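Residue-level listing of the chains:
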Amino acid sequence: MGQKKDLTGSEKSKIVRYLAEGCSSLKIAKLLKRDHRTIKRFIQNSQQGRKKRVEKPRRKITAHELRKVKRAAAKMPLATSLAIFQSCNITGVPKSTRCAILRDTAKVRKAERRPPLNKTHKLKPQDWAKKYLKTDFSKVLWTDEMRVSLDGPDGWARGWIGKGQRAPVPLRRQQSGGGVLVWAGIIKDELVGPFRVEDGVKLNSQSYCQFLEDTFFKQWYRKKSASFKKNMIFMQDNAPSHASKYSTAWLARKGIKEEKLMTWPPCSPDLNPIENLWSIIKCEIYKEGKQYTSLNSVWEAVVAAARNVDGEQIKTLTESMDGRLLSVLAKKGGYIGR
């Protein structure tokens, strides 16, 4: 709250006149619509005005100290201003000054959710992009798994609340309700699945291959023509259960080997268009802060959301691959986003 004005000369004259008339300090305060304490202070010492706020001089740092702060901020990402200054043995600097100094050379940011890419990580996506630049991506089956929980990702339950209304209280669980692991694929304008991994099953090489046998191969792949199988390219990421020798050999016995099994660069989820499909499904099943009470109910929601994804949306995702490859080359192997 800001400071109020001192008593004016006219108000002081009125106070003296009211006192001569026998008015109390409380009555004078009401008549002048001023704080009672202000009137009492004037009566006690008519020469004393309001104390002025004294601006304390800020601690200045030298150019040498500033260089030390810059180096410490670079070496200590996400550290507090106090920790940065303490590491430089600079004391006596208030928080407002520390933040003002750091604001010129740094920004307050959250931790990145994606791992940093080293030189090898950047070179492999470039080599991958060059290798598949002339590929007909309408023949590539893009696959991946997604885990869905009962409550959805943290921070998703956001939205507008009307004035006078209270935000709904989310369901709290003493113990987490677990989640459902979902596998799916997209090719051209077609969605393969989604298929649910049996609850409690950990996907290692053996269980992953058995899962593909029971779902993908028996329910979808076997129905395709010989020419389709001959031209199809199977894509999977480098998860241990996918890239193991056991899984690679098993897929080879199924006829998916060499050029029919797409190599995949490390740390490249942004290159897989099915990640966008997962985003579409999650936005649908968790809209308006939706929560679920059982694993079967969240699975049914996934199936319903996947059913509402039309062929044009899938085609848009699979046809985006040419642009993604060009972005990889333009960014020299860096993240391209999704």
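The structure displayed is predicted, hence computed values, not measured ones.

> Quick rundown of a positive patch on the surface? Include the residues and the values.
Positive charge collects at one region of the surface, where Arg-67, Lys-70, Arg-71 and Lys-75 lie side by side. Assignment of secondary structure puts Arg-67 in helix α4 (residues 63-75).

> Summarise the packing of aromatic side chains; cite the residues concerned and give the values.
Inspection of the entire model under this criterion finds 15 aromatic pairs. Taking the centre distance of 5.2 Å and the plane angle of 80° together, the rings of Phe-217 and Tyr-221 count as edge-to-face. For the pair Phe-217 and Tyr-221, a shared accessibility class is recorded, and that class is buried. Counting every residue linked through ring pairs, the aromatic cluster contains Trp-183, Phe-195, Phe-211, Phe-216, Phe-217, Trp-220, Tyr-221, Phe-228, Phe-234 and Trp-250. The lysine or arginine in question, Lys-224, covers the ring of Phe-228, its NZ or CZ lying 5.4 Å from the ring centre.

> Requested: an account of the packing of helix α1 (residues 9-20) against helix α2 (residues 25-32), with residues and values cited.
One can describe the packing of α1 onto α2 by two numbers: an axis separation of 10 Å at closest approach and a directional angle of 140°. Judged by the angle between their axes, α1 and α2 are oblique. Both α1 and α2 take part in a crossing whose hand is right-handed. Residue-level inspection shows Glu-11, Lys-14, Ile-15, Tyr-18 and Leu-19 of α1 in contact with α2, the latter providing Ile-28, Leu-31 and Leu-32. Among the residues making up the contact of α1 with α2, the classes are represented as six nonpolar, no polar and two charged.

> A description of the packing of α2 against helix α3 (residues 36-44) should follow, citing residues and the corresponding values.
At a minimum axis distance of 9 Å, the contact between α2 and α3 shows a crossing angle of 120°. Judged by the inter-axis angle, α2 sits oblique to α3. As α2 packs across α3, the resulting crossing turns out to be right-handed. For the pair formed by α2 and α3, the contact residues are Ser-25, Leu-26, Ile-28, Ala-29 and Leu-32 on the first element and His-36, Ile-39, Lys-40 and Ile-43 on the second. Looking at the contact of α2 with α3, its residues break down into six nonpolar, two polar and one charged.

> Can you break down helix α8 (residues 205-219) residue by residue, with the values?
Counted at 1.5 Å a residue, the expected span for α8 with its 15 residues is 21 Å, and the 20 Å between its end C-alpha atoms agrees. At Glu-213, α8 shows its strongest bend, of approximately 35°. Those residues of α8 not exposed but buried are Ser-205, Ser-207, Tyr-208, Cys-209, Phe-211, Leu-212, Glu-213, Thr-215, Phe-216 and Phe-217.

> Describe helix α15 (residues 321-330), and please don't skip the residues or the numbers.
Structural remark: α-helix, 3.6 residues per turn; residues separated by three or four positions point the same way. Residues Met-321, Arg-324, Leu-325 and Val-328 constitute the buried set of α15. Down the axis of α15, the buried set is contained in an arc of 100°. They therefore lie on one face. Turned more than 90 degrees from where α15 packs its buried face, Leu-326 and Ala-330 sit exposed. For α15, the elements touching its buried residues are α7 (119-131), β1 (140-149), α12 (274-285) and α14 (311-318). Once α15 finishes, Lys-332 follows within two positions and takes phi at roughly 55°, a positive value.

> Could you give an account of the pairing of strand β2 (residues 179-187), naming the residues involved and the relevant values?
Most of β2 sits inside the fold, with nine of its nine residues counted as buried. Where burial is concerned, the two faces of β2 agree: the one with Gly-179, Leu-181, Trp-183, Gly-185 and Ile-187 and the one with Val-180, Val-182, Ala-184 and Ile-186 are both buried. Here β1 pairs with β2 via eight bridges, running antiparallel. If you follow Arg-147 over to β2, its bridge partner there is Leu-181. Pairing of β2 with strand β3 (residues 190-196), which is carried by five bridges, proceeds in the antiparallel orientation. Within β3, the residue paired with Trp-183 across the bridge is Phe-195. Linkage of β2 to β3, two consecutive antiparallel strands, is achieved through a turn of two residues, within which Lys-188 is found at a positive phi near 55°.

About the criteria used
- Residues numbered from 1 in each chain as written.
- Predicted model: local features only at pLDDT ≥ 70, side-chain atom pairs only at ≥ 80, totals over all residues.
- Heavy atoms only, no water.
- Patch = residues over 30% accessible without salt bridge, like charges linked within 9 Å, V, L, I, M, F, W, Y side chains within 5 Å.
- Areas by Shrake-Rupley, 256 points an atom, 1.4 Å probe, with all protein chains shown as cover.
- Salt bridge = Lys/Arg side-chain N within 4 Å of Asp/Glu carboxyl O.
- Lys, Arg positive; Asp, Glu negative; His and termini not counted.
- Charge placed at Lys NZ, Arg CZ, Asp CG, Glu CD.
- Helix = DSSP H or I, 4+ residues; strand = E, 2+ residues; numbered from the N terminus.
- Phe/Tyr/Trp six-rings, centres within 6.5 Å; stacked < 30°, edge-to-face > 60°.
- Buried < 20%, exposed > 50% of the residue type's maximum accessible area, 1.4 Å probe, protein only.
- Lys NZ or Arg CZ within 6 Å of the ring centre and 35° of its normal.
- Axes fitted to C-alpha atoms, helices over the stretch in contact; angles between N-to-C directions.
- Parallel < 35°, antiparallel > 145°, perpendicular 65-115°, else oblique.
- Left-handed = near helix turned anticlockwise from the far one by under 90°.
- Contact = heavy atoms within 4.5 Å.
- Nonpolar A, V, L, I, M, F, W, Y, C, P; charged D, E, K, R; others polar.
- Expected span 1.5 Å × (residues − 1).
- Bend = angle between axes of the 7 residues up to and from the residue.
- Arc of directions from axis to C-beta.
- Pairing = 2+ DSSP bridges.

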